[in-house]
Amino acid sequence: MSGAALAVVVVVVFFLALYLLQHYGDLRKQQRMVLFGTLLSWYLCFLIVFILPLDVSTVGQKKYLCVCVCVCVRVRARLYYSHSATEVCEEPWSYIPDGVLPVLWRVVYWTSQFLTWLLLPFMQSYARSGAFSMVGKIKTALIENAVYYGTYLLIFISLLIYVAAHPQWKLTWADLQTIGITAANTWGLFLLVLLLGYGLVEIPRSYWLSSSHGYLLAKTYFKTAKMATEKAAAEENLADVMEEVAAVHESVKHNHSLRKCVDTILTKCPPEYQEEMGRNVESSSVLPTKSGLVGLHKKVISAVQRHGQTRVQWSVLLDQAFHLEDAAKSQSSPVRHFVHSFPSAHSHSWIRRFIYTPTLEWYWECVLRQGFYRLLAVLLCLLSAAVVWSECTFFSTHPVLSLFAVFIQLAEKQYNYICIEMACFISIFFLCVCVYSTVFRIRVFNYFYLVPHHQTDAYSLQCSGMLFCRLTPPLCLNFLGLIHMDSAISHQDRIQTSYTSIMGSMRVLSFISDGFYIYYPMLVLLLCLATFYNFGSRCLNLLGFHQYITDDDLTSDLVDEGRELIRRERRKRQKDVDGGNRRLVSHFHSIKSFVSQFSKKPS
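Only a predicted model underlies this, so the values are computations on that prediction, with no experimental measurement involved.

With that settled, the discussion passes to the overall build of the protein chain. The number of helices and strands found in the protein chain is 21 helices and two strands. In the protein chain, buried positions account for 44% of the 603 residues. Within the protein chain, residue pairs in contact and separated by at least 24 positions form 77% of the contacts whose partners lie at least 6 positions apart. Total accessible area on the protein chain stands at roughly 32,200 Å², and carbon and sulfur atoms take up 65% of it.

Take a look at the structure:
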């Protein structure tokens, strides 16, 4: 079984990253370079998370082998070699051969850092550029990233000068690597704690509140009202941009040198607008410039993408609202049978007919769902409390106060590798869910927004890859600190994980290893309190970015507006269904009359 666990993890994580990319991105329409960069960055980050528990258990195996060698030496010294001593030396199923993990960590870590600091920022600007040629896109990307690269180079030089100012330190290539790693991890830890403080509270709370259909329905009404405004704004913006395109289409003749650029812009327009180009549009006597067409091309790509996102999100919100309203009706119905107002195409699949039947769906939605969600919320709340306590006490090694360190050390004493791996996996997986889910939820205007159902644009996909690559290494180091596996923080003389050895000795910068890495994570307690009392949401409300707050008057107004919009859309969809049924019945009667007339003819 040598290396079997590692091989399984490598394959499973790849398909997990591919599934998420397929869910958020469009594998058919988006550029291959964008998809490859995003998939590679997600894959490498998830790989670090899933392999780290095997690395921790490997440390326990090394201790185990040391004990085994001591036992065998003592037994042989007494001229006695028992069968029990040989059993101690048996390799566990998850054993990874020596030398594999250090090489793997080097490849994974430095590839992810190359992606996040150099390649992905360049690819972001390249994909977002409105230039019409590859050379033009590359030139735009280099100009936009010149300041970005220069800023991080200045930070690295500052840290280098700080270390060089101490004559007792002799800088080597390993020290330079450690300085770069420390700078990257410090940046990532700063953002990590902010995201973690939000996720530790919001994830358990969201499951607890989602156990109520009434809460979910009111929040869906709220989202519907906001989405109606965004949808109208996106349609208006697209119409304005299409007017500019139509004017350029009329002013630039087919024999003009810029005509090829105009034709490229036209291919990016929706089909319904392409058919109307040239109708009732006044021709402008002023010809556009090449830079003007580049800007227009960029605006068209952005407007079309945003219009498509709002249309899909609007349709998804309508389906969610209709489903929740149907669930509310089914709860008060004496018939234990879930009835959909508008059955979708997937409702006729074999899973719905034989496994997830309407009766089973009724029991889940009306009986089991609430209890399951609340039980899950309680378990997640306990995990969050354990994380907060451990983040505030992991620096204490005598006595050991970190709960995660207590669990791991108990499993190590019993040489129970399965328990070590499961405890590590559950702990770090929960930390990753808290951080990554916040990244998937966060929205920075329309520049960064991960939209499901294949609607995420290239810029947001690559930005998420950058964030994951910057957040995952400090998250793993923070987790190793929680379980006292990082000697730079715990100051314990013990066998280190291969991942820690690749990170280098943080003691080169003692003010970071002994100060920032220990005390800054304690800020997560204040951030959890701020999230619990909706401090961030209330601040955004004051700034005009409406958030769902139950005790807010504006929220109530938007809920009422969304309820009316859903009622209107329900009537509209019901009319379409009734009209389709009438046409189907009419067509059936015409066929029936034709068959009856044909059968009455004499043979």
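This paragraph deals with helix H13 (residues 403-413). Listed as buried for H13 are Phe404, Ala405, Ile408, Ala411 and Glu412. Each buried residue of H13 sits inside an arc of 130 degrees when the element is viewed along its axis, so together they form one side. Just beyond H13, the residue with positive phi is Tyr415, at close to 55 degrees.

As a further point, take the UniProt feature "transmembrane region" (unreviewed entry) in the protein chain. With numbering matched to this structure, UniProt assigns "transmembrane region" (unreviewed entry) to residues 6-21, 33-54, 107-126, 146-165, 177-201, 372-389, 418-439 and 516-535. With 100% helix and 0% strand, the stretch residues 6-21 has end C-alpha atoms that lie 23 Å from each other.

Under the definition given, this model contains 25 aromatic pairs. Between Trp105 and Tyr499, the ring centres sit 5.0 Å apart and the planes meet at 75 degrees, which makes this aromatic pair edge-to-face. With Trp105 in helix H4 (residues 100-128) and Tyr499 in helix H17 (residues 498-503), this residue pair connects regions lying 394 residues apart in the sequence. Both residues of the pair, Trp105 and Tyr499, belong to the buried class. Seen from their ring centres, Trp117 and Trp187 are 6.0 Å apart, and the 80 degrees between their planes marks the pair as edge-to-face. Placement of the pair is Trp117 in helix H4 and Trp187 in helix H6 (residues 173-210), with a sequence separation of 70 residues. Each member of the aromatic cluster is reached from another via a ring pair, and the members are Tyr24, Trp42, Phe46, Tyr436, Phe440 and Phe468. Over the ring of Trp208 we find Arg374; its NZ or CZ atom is 4.8 Å from the centre of that ring.

Once that is clear, we can look at the confidence of the model for the protein chain. Summary statistics for the protein chain give a mean pLDDT of 84 and a share of 85% for residues scoring 70 or more. Within the model, pLDDT remains below 50 along residues 79-89, and this stretch shows twelve contacts once partners closer than five positions in the same chain are excluded.

Estimated volume of the second largest pocket: approximately 670 Å³. Only H4, helix H5 (134-164) and H6 provide two or more residues apiece to the lining of the second largest pocket. Among the elements that line the lining of the second largest pocket, the one with the most residues is H6, at eight residues. Its residues assigned to classes, the lining of the second largest pocket comprises 17 nonpolar, three polar and no charged.

Before going further, it helps to examine the UniProt feature "coiled-coil region" (unreviewed entry) in the protein chain. With numbering aligned to this structure, UniProt lists the feature "coiled-coil region" (unreviewed entry) at residues 224-251. Secondary structure over residues 224-251 splits into 100% helix and 0% strand, and the C-alpha atoms at its two ends are 40 Å apart.

A word on a nonpolar patch on the surface. A cluster of nonpolar side chains, Ile442, Val444, Phe445, Tyr447, Leu540, Leu543 and Phe545, forms an exposed patch at the surface whose accessible area comes to about 670 Å². Here Phe445 shows up in the loop between strand E1 (443-444) and strand E2 (448-449). When its relative accessible area of 52% is taken as the criterion, Phe445 is described as exposed.

Here we take up the packing of H6 against helix H15 (residues 458-482). Between H6 and H15, the least distance of the axes is 8 Å, while the angle of their chain directions is 90 degrees. Classified by the angle their axes make, H6 and H15 are roughly perpendicular. The segment H6 lies against H15, with Asn185, Trp187, Gly188, Leu189, Leu191, Leu192 and Leu195 engaging Leu467, Arg470, Leu471, Pro473, Pro474, Leu475 and Leu477. A class-by-class count of the residues in the contact of H6 with H15 yields eleven nonpolar, two polar and one charged.

Let us look at the environment of Pro358. Here Pro358 is to be found in helix H12 (residues 358-393). Sequence separation of Pro358 and His337 is 21 residues, and the distance between their C-alpha atoms is 5.4 Å.

With that settled, consider the pattern of salt bridges. Scanning all chains against the criterion turns up 13 salt bridges. Ionic pairing is found between Arg573 and Asp319, a salt bridge with its closest N-O pair at 3.2 Å. Remark: Asp319 occurs in helix H10 (residues 290-331) and Arg573 occurs in helix H21 (residues 553-600); sequence separation between them is 254 residues. Overall, the relative accessible area of 25% leaves Arg573 in the partly exposed class. Put simply, Arg570 and Asp326 hold a salt bridge, and the shortest N to O gap is 3.8 Å.

Counting residues in hydrophobic clusters, the biggest one holds 89 residues, and the most contacted among them are Trp42, Leu200, Tyr436, Leu480 and Tyr499. At 16 residues, helix H2 (residues 32-77) tops the list of elements feeding residues into this core. Filtering out sequence-adjacent residues up to four positions away, Tyr436 remains in contact with Cys45, Phe46, Val49, Phe468 and Thr472. Ranked by size, the runner-up nonpolar core spans 19 residues in total, among them Ala218, Leu324, Phe342 and Ile566.

Within the element layout of this structure, Asn541 appears in helix H20 (residues 535-542). A residue is classified by how much of its surface remains accessible, and Asn541, at 16% relative accessible area, is buried. Not counting chain neighbours up to four residues away, the residues in contact with Asn541 comprise His546, Gln547, Ile549 and Asp552.

Quick notes on the rules
Residues numbered from 1 in each chain as written. Predicted model: local features only at pLDDT ≥ 70, side-chain atom pairs only at ≥ 80, totals over all residues. Heavy atoms only, no water. Helix = DSSP H or I, 4+ residues; strand = E, 2+ residues; numbered from the N terminus. Buried < 20%, exposed > 50% of the residue type's maximum accessible area, 1.4 Å probe, protein only. Contact = heavy atoms within 4.5 Å. Areas by Shrake-Rupley, 256 points an atom, 1.4 Å probe, with all protein chains shown as cover. Arc of directions from axis to C-beta. UniProt positions renumbered as here; feature names shortened; annotations may be inferred. Phe/Tyr/Trp six-rings, centres within 6.5 Å; stacked < 30°, edge-to-face > 60°. Lys NZ or Arg CZ within 6 Å of the ring centre and 35° of its normal. pLDDT = per-residue confidence, 0-100. 1 Å grid on protein atoms, 1.4 Å probe; cavity = no way out; pocket = protein on both sides within 12 Å on 5 of 7 lines; lining within 4 Å. Points joined across faces, edges and corners; volume = space filled by probe spheres on them. Nonpolar A, V, L, I, M, F, W, Y, C, P; charged D, E, K, R; others polar. Patch = residues over 30% accessible without salt bridge, like charges linked within 9 Å, V, L, I, M, F, W, Y side chains within 5 Å. Salt bridge = Lys/Arg side-chain N within 4 Å of Asp/Glu carboxyl O. Axes fitted to C-alpha atoms, helices over the stretch in contact; angles between N-to-C directions. Parallel < 35°, antiparallel > 145°, perpendicular 65-115°, else oblique. Core = buried A, V, L, I, M, F, W, Y, C linked by side-chain atoms within 4.5 Å.

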